[in-house]
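In case you want the letters, here they are:
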Amino acid sequence: MTVIRDINFGLEEGGTLALVGSNGAGKTTLLMSLAGHIIPKSGQVRLNGVDLVDKGPETRCGLGVGLVPEGRRVFPDLSVFENLVVGGYSRPSNNQSGSMARVFEVFPRLFDRKNQVAGSLSGGEQQMLAFGRAIMSNPNLLLVDELSLGLMPSVVDECYKALEKLVKKGIAVILVDQNSDAATNFCSSTLILETGDQVWLGESSALSEESTH
Amino acid sequence: MLFFDLCIQGVIQGAIYALIALGLTLVYGLLRILHVAHAALFTLGGYIGVIVTNGSGSFLLALFTSMLIVAVVGMSSYTIIYKPLLNRAPLISLIASIGIFIASEELFRIFFGAYGLSYINPPLQGQIEILSGVSLSHARILVVVLAIGLLSGVGWLAINTRVGIAARATVIDPQMAASSGINVEIIRYGSFFIGSAFAGAAGVMVSLLNNLVEPTMGAVPSYKALAIIVLGGLGNVRGALVASLALGIIESFGTIYVGHLLDRDSIAFAFLIMVLMVRPQGLLARG
Ligand SMILES: Nc1ncnc2c1ncn2[C@@H]1O[C@H](COP(=O)(O)OP(=O)(O)OP(=O)(O)O)[C@@H](O)[C@H]1O
Ligand SMILES: [Mg+2]
């Protein structure tokens, strides 16, 4: 079964792309195929000139793809610390404490709960941990699915602020958020999916002009 | 001293169950497959233990050789049987596994004879008096020491090393583990390696305690170990270890006190049924 087709876009270092579309449009499918969990029937995925299509998710992680999946999917039985250790698994172990310190800088709340099992964190804290875990691998590209799903507005703000810091560091972001205004406001460009087809791609600012006219 | 004797007997049996059940639990946790053929590895371990000891005169060499060969055979069972069936319904792997197990009994019969093998000079038969009136053979002590050593070694790895933490993450969510850079295949092979080596060690120890290996020695462990991993909460390593010990002790006391009503294996399964009526999720699993 074909869920998404004819999708074509590029992203610069530190670039941000909002992926917008109604339920079932194929946003998660697209992100999961970029992460290597869904193998496309045809097409190319390139990162820094390296073709990723024949590479598994663990290799893509090492090459700079980070994933903050729909539903967060932290490892509930592992502690916050252990979740972050797993996140940094693709990098040499002597990078671990440095990377972890950077995560705690962005999300101080995780530091306070370092030894708590992830399953006992609040939804917002789990989302922060999912971000932290992805950042541990020092990605060039962060795939974020359903950032605000089920979160309090204040936590959503906190996550967007953290995301902004990451973008300033040069990490490119592809973002899906059920609150599509939040996503398009955050991202400089937007791609609209409609039942698996790419129907619009451009600057997010152009999008808001179009809709006001 | 009967009470004390029965406790020791139970701990020894529990240690053997635990060595066998670890591999089964790891495989279930990672692949959601009931690895019935695991018990064939236990038998293979026993045969290698007897053959190498009789050939070389060194029991220690036999133990290491057995663990290593059984570990490699266990890893190949993943490559040959389970990996090609991963995308099929779990029932198919289960049937393949049962088939391999049944075939293995016949293979042991064909290669090593129907009546089994014994040690020419059974090693570690010396006795130590640990309390007045209670003495144990070196072999029995070694079973417990070996089980505690090997299992706590694995426990230490799982808690304190990156690989161990990665393996636990892989059991919980293989996709997210992979997206964190973990090679899930390596974790699977490593688990088959460790779990099979431990089953091999258990086979060697049982061959020593009984001074006998025979083609069907894996039959009882095959279903007993399944009961244990269900008792422990499927895929829960700590639960399986607790269940192994509990079952060993209950069988040991049960055969004395209710042995005239139920035989050893019936006691084990009566216990399984009673626990599952109260805690369907197993002894340690969360609700
Ligand atoms: N494994 C699968 N097998 C068959 N169909 C699938 C599979 N996964 C997803 N689909 C279908 O593909 C379509 C796109 O799903 P996807 O999850 O990518 O949508 P989405 O845009 O992320 O939606 P949402 O906003 O609800 O998260 C849906 O119609 C879904 O039912
Ligand atoms: Mg989705």
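Residues numbered from 1 in each chain as written. Chains lettered and ligands numbered in written order. Predicted model: local features only at pLDDT ≥ 70, side-chain atom pairs only at ≥ 80, totals over all residues. Heavy atoms only, no water.

## With respect to the overall build of chain B
Point 1. A tally of helices and strands in chain B yields 11 helices and 2 strands.
Point 2. For chain B, whose C-alpha radius of gyration is 19 Å, the value lies close to the compact-globule estimate of 19 Å for 287 residues.
Point 3. Out of the 287 residues in chain B, the part that is buried amounts to 48%.
Point 4. Long-range pairs, those at least 24 residues apart, make up 76% of the contacts in chain B with a sequence separation of at least 6. (Helix = DSSP H or I, 4+ residues; strand = E, 2+ residues; numbered from the N terminus. Rg over C-alpha atoms; globule rule 2.2 N^0.38 Å. Buried < 20%, exposed > 50% of the residue type's maximum accessible area, 1.4 Å probe, protein only. Contact = heavy atoms within 4.5 Å.)

## Digging into the interface of chain A and chain B
Point 1. In this complex, chain A contributes 25 residues to the contact, which on the side of chain B involves 19 residues.
Point 2. Contact between chain A and chain B buries roughly 2000 Å² in total, counting both sides, with carbon and sulfur atoms accounting for 60%.
Point 3. Of all residues in chain A, Glu 58, Phe 75 and Tyr 89 of chain A bury the most surface against chain B, accounting for 32% of the area lost on that side.
Point 4. At the junction of chain A and chain B, the tally comes to 2 salt bridges.
Point 5. As a salt-bridge pair, Glu 82 of chain A and Arg 168 of chain B come within 3.1 Å of each other at their nearest N and O atoms.
Point 6. The interface formed by chain A and chain B contains 8 residue pairs in polar contact (both at pLDDT 80 or more). (Buried area = accessible area lost by both parts, 1.4 Å probe. Salt bridge = Lys/Arg side-chain N within 4 Å of Asp/Glu carboxyl O. Polar contact = N/O pair within 3.5 Å; in protein donor to acceptor, adjacent residues only side chain to side chain.)

## Observations regarding the nonpolar core
Point 1. Counting residues in each nonpolar core, the largest one holds 80 residues, and the members touching the most others are Leu 142, Leu 163 and Leu 175 of chain A.
Point 2. Counting residues per element, this core draws most heavily on helix H7 (residues 153–168) of chain A, at 8 residues.
Point 3. Apart from residues lying up to four places away in sequence, Leu 163 of chain A is in contact with Phe 131, Leu 142, Val 144, Leu 147, Val 173, Leu 175 and Phe 186 of chain A.
Point 4. By size, the runner-up hydrophobic cluster in this structure holds 59 residues, among which are Tyr 28, Met 67, Val 134 and Leu 231 of chain B. (Core = buried A, V, L, I, M, F, W, Y, C linked by side-chain atoms within 4.5 Å.)

## So, the coordination of the magnesium ion (ligand 2)
Point 1. Thr 28 of chain A (OG1) and Glu 70 of chain A (OE) make up the full set of protein donors to the magnesium ion (ligand 2), lying at 1.9 to 2.6 Å. Remark: Glu 70 of chain A occurs in the loop between strand E4 (65–68) and helix H3 (80–87) and Thr 28 of chain A occurs in helix H1 (residues 27–35); sequence separation between them is 42 residues. (Donors = N, O, S within 2.8 Å, 3.2 Å for Na, K, Ca; no water.)

## Some words on the site of ligand 1
Residues and elements named next belong to chain A.
Point 1. Taken together, Met 1, Val 3, Ser 22, Asn 23, Gly 24, Ala 25, Gly 26, Lys 27, Thr 28, Thr 29, Glu 70 and Glu 146 make up the full set of residues near ligand 1.
Point 2. A distance of 2.6 Å separates an oxygen atom of ligand 1 from a polar atom in the side chain of Thr 28.
Point 3. At 3.3 Å from an oxygen atom of ligand 1 is found a side-chain nitrogen or oxygen belonging to Glu 70.
Point 4. Class assignment of the residues belonging to the shell around ligand 1 gives a composition of 3 nonpolar, 6 polar and 3 charged. (Near = heavy atom within 4 Å. Nonpolar A, V, L, I, M, F, W, Y, C, P; charged D, E, K, R; others polar.)

## Section: the sheet that holds strand E7 (residues 189–194) of chain A
Residues and elements named next belong to chain A.
Point 1. Within the open sheet, the 6 strands sit side by side as E4-E5-E6-E1-E7-E8. Their pairing is mixed. On the outer flanks of this sheet lie E4 and strand E8 (197–203), each paired with one strand and no other. Geometrically, the sheet is characterised by an average inter-axis angle of 15° between neighbouring strands, direction not taken into account.
Point 2. Two elements, strand E1 (residues 16–20) and strand E6 (residues 172–175), share 3 bridges in a ladder whose sense is parallel. (Pairing = 2+ DSSP bridges. Axes fitted to C-alpha atoms, helices over the stretch in contact; angles between N-to-C directions.)

## A few points about the side chain of Ser 137 of chain A
Point 1. The residue Ser 137 of chain A is located in the loop between helix H6 (123–135) and strand E5 (141–144) in this model.
Point 2. A distance of 3.0 Å separates a polar side-chain atom of Ser 137 of chain A from the backbone oxygen of Ala 134 of chain A.

## Things to note about a nonpolar patch on the surface
All names here are of chain B.
Point 1. Together, Leu 2, Ile 256, Tyr 257, Val 258, Leu 261 and Leu 262 give the surface a local cluster of nonpolar side chains, amounting to about 560 Å² of exposed area.
Point 2. Tracing the backbone through its elements, the reader meets Leu 2 in helix H1 (residues 2–31).
Point 3. On the accessibility criterion, Leu 2 (44% relative accessible area) is partly exposed. (Patch = residues over 30% accessible without salt bridge, like charges linked within 9 Å, V, L, I, M, F, W, Y side chains within 5 Å. Areas by Shrake-Rupley, 256 points an atom, 1.4 Å probe, with all protein chains shown as cover.)

## Quick notes on H6 of chain A
All names here are of chain A.
Point 1. The end-to-end C-alpha separation of H6 is 18 Å, in line with the 18 Å expected for 13 residues at 1.5 Å each.
Point 2. Buried residues dominate H6, accounting for 12 of its 13 residues.
Point 3. Along H6, the positions that sit buried rather than exposed are Gly 124, Glu 125, Gln 126, Gln 127, Met 128, Leu 129, Ala 130, Phe 131, Gly 132, Arg 133, Ala 134 and Ile 135. (Expected span 1.5 Å × (residues − 1).)

## Re the confidence of the model for chain A
Point 1. Overall, the prediction assigns chain A a mean pLDDT of 92, with 97% of residues at 70 or greater.
Point 2. Here helix H9 (residues 204–212) of chain A stands out as the element of chain A with the lowest mean pLDDT, 69, in contrast to H3 of chain A, whose mean of 98 is the highest. (pLDDT = per-residue confidence, 0-100.)

## A closer look at the pairing of strand E1 (residues 127–131) of chain B
All names here are of chain B.
Point 1. Of the pairings in the sheet, the one linking E1 to strand E2 (residues 134–137) comprises 4 bridges and is antiparallel in character. If you follow Ile 128 over to E2, its bridge partner there is Leu 136.
Point 2. From the end of E1 to the start of E2, which pair antiparallel, there are 2 residues, and Gly 133 there has a positive phi angle of about 90°.

## Considering helix H9 (residues 219–231) of chain B
All names here are of chain B.
Point 1. Between its first and last C-alpha, H9 extends 19 Å over 13 residues, near the 18 Å set by a 1.5 Å rise per residue.
Point 2. Listing the buried residues of H9 in full gives Pro 221, Ser 222, Lys 224, Ala 225, Ala 227, Ile 228, Ile 229 and Leu 231.
Point 3. Those residues of H9 that are buried lie in contact with H1, helix H2 (38–56), helix H4 (90–112), helix H10 (237–257) and helix H11 (264–278).
Point 4. Note on H9: the residue one or two positions beyond its end, Gly 233, has a positive phi of about 90°.

## Points about the packing of aromatic side chains
Point 1. Counting across every chain of the model gives 13 aromatic pairs over all chains.
Point 2. Plain terms: the ring middles of Phe 111 of chain B and Phe 112 of chain B are 6.5 Å apart, the flat faces sit at 50° to each other, and that makes the pair tilted.
Point 3. Residue Phe 111 of chain B is classed as exposed on the basis of its relative accessible area, which comes to 62%.
Point 4. Residue classification places Phe 112 of chain B among the partly exposed positions, given a relative accessible area of 29%.
Point 5. On the basis of an interplanar angle of 15° and a centroid distance of 6.4 Å, the ring pair of Phe 253 of chain B and Tyr 257 of chain B is categorised as stacked. Of this pair, Phe 253 of chain B and Tyr 257 of chain B are both found in helix H10, 4 residues apart, which corresponds to roughly one turn of the helix.
Point 6. Every member of this aromatic cluster is reached through a ring pair, and the members are Tyr 47, Phe 108, Phe 111 and Phe 112 of chain B.
Point 7. Here the guanidinium or amino end of Arg 133 of chain A rests over the ring plane of Phe 75 of chain A, the centre of that ring lying 5.0 Å away. (Phe/Tyr/Trp six-rings, centres within 6.5 Å; stacked < 30°, edge-to-face > 60°. Lys NZ or Arg CZ within 6 Å of the ring centre and 35° of its normal.)

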